[in-house]
Amino acid sequence: MELKVQTRNIFGKKVKTLREEGLVPAELYGHGVNNQHLTLSAKEFQKIFKEAGESAIVNLITEDKKTLPVMIHEVKTDSLSGEILNIDFYQIKLTEKIRVYVPIEFIGEAPAVKNYGGILIKTLKEIEIEALPQDLPRHLQANLESLAEIGKNIAVKDLEISDKIKLFVNPETIIATVVEAKAEEEIAAETTLAEEVIPETKVSAEDKASRKETLKT
């Protein structure tokens, strides 16, 4: 995956003109490299970002035809319009391992939901891993077809993960499970109770007077 970039000499409020031209400002930084101010096509970036996410390597192609391997570190967007305001790229070294969060992709359909009316609960959306850049997966797949009965679950240890990848999560951690509809309602009720505000403790006039006296001394 490649993205053409250009050196940027426009800063501050003037970058608004770039966005009006279909461009987006970006910053490039990394360990042992000089920060660079860049600009690139917003349309081309959206296409790449949709496919790559934040855990895949993207090659930035500079004006002088240099190839810079990077990862998309942060994308800032307008909260109302969704317009991309700024992008941070992190330049990587292909010989150094990096830690990233990789999303879990749920595939298939849980038979326990379809056949027994169970409720599917996904308890984990991403996993922190470490690997060489070229060994980083774009996602980790969890097949819901294995959830054939109520009470069955999928744990991290059930995923197919390369031995080139180091996990930073307990292998026994549950990713998804199927519960009875009633059990799901009870969970919701417990959550509601936990969110209730605890009444303020009443303080007697004697206690208040005692506290004032203590402060004076």
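Counting residues in each nonpolar core, the largest one holds 25 residues, and the members touching the most others are I127 and I175. If you tally residues by element for this core, the top one is strand β8 (residues 98-107), at 5 residues. Beyond its immediate stretch of four places on either side in the chain, I175 contacts I104, F106, I121, K122, T123, L124, I154, A155, V156 and L159. With 20 residues, the next largest nonpolar core counts L28, L60, I84 and I87 among its residues.

Before going further, it helps to examine the sheet that holds β8. Taken together, the 4 strands give an open sheet; going across it, the order is β11-β8-β10-β13, and neighbouring strands pair in mixed fashion. A strand with exactly one partner marks an edge of an open sheet, and here the two such strands are β11 (140-143) and β13 (166-167). With 4 bridges connecting them, β8 and β11 associate as parallel partners. From the neighbouring strand, I107 faces β11, where its bridge partner is N143.

Now for the pattern of salt bridges. Side chains carrying opposite charge are able to pair once their charged atoms draw close together. Within the structure shown, the criterion is met by 4 salt bridges. Taking the shortest distance from any N to any O, the salt bridge between E27 and R8 comes out at 2.5 Å. Linking E27 in strand β3 (residues 23-29) with R8 in the loop between β2 (6-7) and α1 (15-20), this pair joins segments that are 19 residues apart in sequence. The closest approach of N and O atoms between E44 and K47, which form a salt bridge, is 3.6 Å. Linking E44 with K47, this pair stays in helix α2 (residues 42-52), spanning 3 residues, or about one helical turn. Using a relative accessible area of 36% as the deciding quantity, one classes E44 as partly exposed.

Moving on: the packing of aromatic side chains. The final tally for this structure, using the stated rule, is 3 aromatic pairs. Consider the rings of Y29 and Y90, whose centres lie 5.7 Å apart with planes at 75°: the pair is edge-to-face. With Y29 in strand β3 and Y90 in strand β7 (residues 84-91), this residue pair connects regions lying 61 residues apart in the sequence. Of the residues examined, Y29 reaches a relative accessible area of 24% and is grouped as partly exposed. Geometrically, the ring pair formed by F45 and F89 is edge-to-face, given 6.2 Å between the ring centres and 80° between the ring planes. Of this pair, F45 sits in helix α2 while F89 is found in strand β7, placing the two residues 44 residues apart along the sequence. Here F45 matches F89 in class, with each residue buried. Feature note: the residues F45, F49 and F89 constitute an aromatic cluster, connected by ring pairs. Of note, R99 hangs over the ring of F168, and the distance from its end group to the ring centre comes to 3.6 Å.

This part covers the environment of H139. Its location among the elements puts H139 in the loop between β10 (126-131) and β11. Judged by its relative accessible area of 34%, H139 falls in the partly exposed class. The spacing of H139 and P103 is 36 residues in sequence and 5.1 Å in space, taken between C-alpha atoms. Contact partners of H139, with chain neighbours within four places excluded, come to V102, P103 and E105. Polar side-chain contacts of H139 include one of 3.1 Å to the side chain of E105.

Rules behind the numbers
Residues numbered from 1 in each chain as written. Predicted model: local features only at pLDDT ≥ 70, side-chain atom pairs only at ≥ 80, totals over all residues. Heavy atoms only, no water. Core = buried A, V, L, I, M, F, W, Y, C linked by side-chain atoms within 4.5 Å. Buried < 20%, exposed > 50% of the residue type's maximum accessible area, 1.4 Å probe, protein only. Helix = DSSP H or I, 4+ residues; strand = E, 2+ residues; numbered from the N terminus. Contact = heavy atoms within 4.5 Å. Pairing = 2+ DSSP bridges. Salt bridge = Lys/Arg side-chain N within 4 Å of Asp/Glu carboxyl O. Phe/Tyr/Trp six-rings, centres within 6.5 Å; stacked < 30°, edge-to-face > 60°. Lys NZ or Arg CZ within 6 Å of the ring centre and 35° of its normal. Polar contact = N/O pair within 3.5 Å; in protein donor to acceptor, adjacent residues only side chain to side chain.

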